[in-house]
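# Understanding the architecture of this molecule
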Amino acid sequence: MKYDIILAGVGGQGVLSLSGIIAAAAMQEGLSVKQSEVHGMSQRGGAVLANLRMAGRPVASDLVPLGCASLILSMEPLERLRYLRYLSPSGALVTSTEPVRNIDDYPELERVLETIRSLPRAVLVDGERLARKAGSARAANMPLVGAASALLPLKLDTLERCIAARFASKGQAVVDTNMKAFHAGREAAA
Amino acid sequence: MNEHVLLGDEAVALGAVHAGLTAAYGYPGTPSTEIVEFLIRHAERHGRPLASWTTNEKTAYEAALGVSLAGRRTLVAMKHVGLNVAADPFINSALLDLGGGLVVVVADDPGMHSSQNGQDTRFYADFARTLCLEPANAQEAYDMTREAFDLSERFHVPAVIRLVTRLAHSRGVVRTGEARGQNPPRPAADRAAWTLLPSYARELWRGLLERQHELRAYTSRHGNTLSLADSRLGVVTCGIARNYYEENADDLPFLPSHLHIGAYPMPVDLLRRLVAHVDAVLVLEDGYPFVQRALGGVLTPPREVRGRQTGALPPDGELTPDVVRVALGLPLRAGLPPAALALPTRPPQLCAGCPHIDTFNTILKATRDLGARVTSDIGCYTLGALPPYSAVDSCVCMGASIGMAKGLADAGVRPALAVIGDSTFLHSGITPLVDAIAANTPMTVVIADNEVVAMTGGQPSAIPSSRMKRLLLGLGADPDHLHILDTHPKTVERNAEILRREIDHPGLSVIVTVRECIETARDRKRMRLAMAGATA
């Protein structure tokens with residue numbers, strides 16, 4: 001088993017914590033994991049990219065090779081289009097529909113979404129709306145994990161355990177909100 | 001034995017703790033910042049080691065030398081360009097008869113993810129005639145750091161650990177070993193071995209040259225592995241390049257001979273044995289063509305040597321599994337075709353509400369129609385170079401803004417302005433300001449003081465804003481042309497008038513614009529609320 005994920009978004013969106021939850025779940029299931037992140041200057045509102053690789057045998061490269069990703073997981077619609085060459089022809093895309101328009105030349109959103117819809121195995125989720133309904137817009141990355149959860153080679157209860165562990169220090173209310181947002185995303189993608 | 005999930009940077013830090021580290025120093029810089037951050041957190045919980053941020057990399061290195069002089073183990077961490085700042089004590093320290101293990105961890109940034117250049121620290125280690133270890137994963141980062149302390153004490157030289165961004169910020173599983181205690185204090189007895197007077201230094205240099213044989217003998221047996229297989233191709237991998245090679249090797253029609261280099265000085269014997277066995281050599285290394293140049297040299301090598309210098313790999317950018325795949329002659333795997341839609345780039349930018357925005361608006365307002373030249377420096381405010389501000393003309397290295405503005409003014413350019421952050425000013429801006437003050441150069445220095453090293457995540461500056469004025473007066477700044485101004489959207493107009501007046505002043509002026517970084521202010525507020533919640 002080998003499962004590569006490209007995670008994309010904009011600095012400050014929580015791409016790295018999203019990556020961390022999936023990586024933790026993969027490790028709990030005994031898989032080898034390598035997770036590579038971008039820090040520093042790139043985080044200041046710029047494009048953020050993380051690579052997450054999991055496999056039943058040791059993972060060599062820290063970076064996902066072209067054409068090998070089983071999944072692109074994006075917090076932002078435009079950002080996911082940057083990495084299509086990394087996606088395996090049988091791979092899936094899960095993206096949030098909410099744009100981050102911190103640049104002047106952001107293309108017309110409908111055209112971006114149309115481009116995504118035209119791709120095979122694309123799943124669109126309004127992460128922010130689902131998170132707000134669950135109790136907090138700050139959990140906007142959880143519906144993404146939820147929407148991806150049926151595709152990931154990981155057990156549902158392992159993911160749930162890792163989400164709970166991630167937010168445990170912030171109190172039960174925060175855990176509940178994030179869990180609710182996770183399930184809202186899972187249902188929206190079903 | 002315990003298992004941890006750690007970033008490459010964190011694995012180095014934990015390796016140092018388990019090696020009996022007494023003290024660690026560094027200046028924050030991506031991708032090295034997490035090393036000292038980890039050690040500071042560790043010290044808060046366990047009371048040791050002493051770990052602290054310093055004013056710059058040179059002061060960090062010199063403090064580490066003091067720890068070694070005391071016979072105890074010390075680590076100093078920085079990014080690649082930081083080693084330029086610490087180069088003076090670093091190169092000299094290789095001559096000393098080091099006591100306690102001194103490990104220099106330098107995180108290179110091939111591909112320049114967040115740096116002004118992509119220099120390769122292996123050249124510095126070679127220049128200093130010292131050891132360099134290059135891990136390929138988090139486990140090796142842990143193991144090699146432990147080993148580096150032993151080697152530093154065995155050979156009495158500073159041991160360099162070279163990381164690259166992709167390892168520093170890659171998370172993996174680390175199995176840790178038994179922790180060792182600290183060295184007892186044992187100050188060096190031989191003063192001459194620590195005193196680089198020419199007469200002593202010449203002797204110490206000869207000693208270092210003689211030790212080269214021992215260093216090479218070590219790396220020909222340790223840290224490097226040669227496996228001779230097919231004679232059509234020999235692959236040399238350095239550090240993390242091994243990962244990209246292994247990712248692709250299964251697809252090759254035959255098993256090439258392989259030398260992996262994880263320790264320098266260059267394992268010359270092993271390279272010779274490889275070259276003698278194969279028709280062609282492909283060198284896979286991140287950064288500069290360091291090994292390739294040593295192999296090829298000036299004379300025509302007896303075998304074909306391919307690498308970054310011959311175009312087998314791109315001469316710039318970080319290595320990826322894909323460029324290595326192409327270099328091995330394998331076809332790329334096809335992904336989805338790129339989107340038909342034109343994708344605009346998304347450059348990094350100042351945070352909403354950032355005080356630097358107000359400082360740049362002040363400068364733009366004050367200099368409108370003046371044809372001013374504005375030099376910048378390294379930090380968040382370097383983003384003032386990009387639209388919508390496009391407010392600065394240069395950015396070269398830490399502290400250069402002030403020296404360059406002096407040069408502009410000396411060359412007759414009016415007005416000449418320098419923009420520099422508080423932490424960068426303390427790091428490398430003070431000395432050029434001393435020059436400008438001494439000459440009363442007609443220029444204006446703007447210190448954008450947000451109280452922290454913001455770009456790397458908000459580490460504390462060496463002194464708080466409240467002491468900046470006294471420092472500047474102490475340096476000799478003219479009190480009539482020194483202004484400490486609150487910066488805020490509401491004060492832009494008034495501050496621009498003051499700045500405009502100072503630009504007209506025919507001598508040196510210093511303007512400090514003060515407001516705390518929006519990110520650290522927000523974090524502090526969050527912390528206060530959490531504390532209030534906890535006590536309610």
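Anyway, here's the lowdown on the structure attached to this text.

Basis of the calculations
Counting starts from 1 at the beginning of each chain's written sequence and moves along it residue by residue. Throughout, the order in which chains and ligands are written sets their labels, letters from A for the former and numbers from 1 for the latter. The predicted nature of this model means local features are confined to residues of pLDDT at least 70 and side-chain atom pairs, given and counted, to a pLDDT of 80 or more, with totals for whole chains, interfaces and linings taken over all residues. Computation of side-chain values covers all heavy atoms of the structure but excludes hydrogens and water. Put simply, a disulfide is two cysteine sulfurs that come within 2.5 Å. Residue burial is assigned from relative accessible area. The probe radius is 1.4 Å, only protein chains are included, and a residue is buried under 20% of its type maximum, exposed over 50%, and partly exposed in between. Paired strands, in this sense, are two strands between which DSSP finds at least two bridges. Under the DSSP-based scheme used, a helix requires at least four consecutive residues in state H or I and a strand at least two consecutive residues in state E, with every element numbered from the N terminus. Interaxial angles span 0 to 180 degrees and are taken between N-to-C directions of axes, which are lines fitted to C-alpha atoms, for helices over the stretch in contact. Here, two residues are considered to be in contact whenever any of their heavy atoms come within 4.5 Å of each other. Each angle is binned into one of four classes, with values under 35 degrees roughly parallel, values over 145 roughly antiparallel, values of 65 to 115 roughly perpendicular, and all other values oblique. Under the grouping applied here, Gly and all other residues not named as nonpolar or charged are polar, the nonpolar ones being Ala, Val, Leu, Ile, Met, Phe, Trp, Tyr, Cys and Pro and the charged ones Asp, Glu, Lys and Arg. Only one rule defines a salt bridge in this text: a Lys or Arg side-chain nitrogen within 4 Å of an Asp or Glu carboxyl oxygen. Polar contact is defined as a pair of N or O atoms within 3.5 Å, subject to the rule that within protein one atom must be able to donate a hydrogen and the other to accept it, and that residues adjacent in sequence are counted only when both atoms are side-chain atoms.

### As for the state of the cysteines
The bond known as a disulfide is covalent and runs between the sulfur atoms of two cysteines. All names here are of chain B. The final tally for this structure, using the stated rule, is zero disulfides over all chains. Cysteine Cys 238 shares no disulfide, and the gap to the nearest cysteine sulfur, in Cys 132, comes to 10 Å. Here Cys 395 stays free of any disulfide, with the sulfur of Cys 397 as its closest cysteine sulfur at 8.5 Å. In this structure Cys 395 comes out as partly exposed when scored by relative accessible area, which is 31%.

### Section: the sheet that holds strand E14 (residues 304–306) of chain B
All names here are of chain B. Strand order across the open sheet formed by five strands is E9-E11-E10-E13-E14, with mixed pairing between neighbours. Lying at the two open borders of the sheet, with one neighbouring strand each, are strand E9 (224–227) and E14. On average, each strand axis in the sheet is inclined to that of its neighbour by 15 degrees, with strand direction left out of account. In the sheet, E9 pairs with strand E11 (residues 256–261) via four bridges, with the strands oriented antiparallel. If you follow Asn 224 over to E11, its bridge partner there is Ile 261. Packed on one face of the sheet, helix H10 (residues 241–249) meets strand E10 (230–238), E11 and strand E13 (280–284) and runs near 140 degrees to E10.

### Considerations on the packing of helix H15 (residues 400–410) of chain B against helix H16 (residues 422–439) of chain B
Geometry of a packed helix pair, given as the angle between the helix axes and the separation of the axes. Residue and element names in this part refer to chain B. Following both chains from N to C, one finds H15 and H16 inclined at 25 degrees, their axes separated by 7 Å at the closest point. Put simply, H15 runs roughly parallel to H16. Between H15 and H16, the contacting residues are Ile 402, Gly 403 and Lys 406 on the first element and Phe 425, Gly 429, Pro 432, Leu 433, Asp 435, Ala 436 and Ala 439 on the second. Among the residues forming the contact of H15 with H16, the class breakdown is six nonpolar, two polar and two charged.

### Focus: the interface of chain A and chain B
The partner chain B presents 49 residues to the 47 residues of chain A that form the contact. For the interface between chain A and chain B, the tally reads four salt bridges. The partner of Glu247(B) in a salt bridge is Arg53(A), with the nearest N and O atoms 2.9 Å apart. At the boundary of chain A and chain B, one finds 19 residue pairs in polar contact (both at pLDDT 80 or more). Contributions of two or more residues to the side of chain A that touches chain B are made by strand E2 (32–36), strand E3 (47–55), helix H2 (77–81), strand E5 (87–96) and helix H3 (109–117) of chain A. In terms of residue count, the dominant contributor to the side of chain A that touches chain B is E2(A) (four residues).

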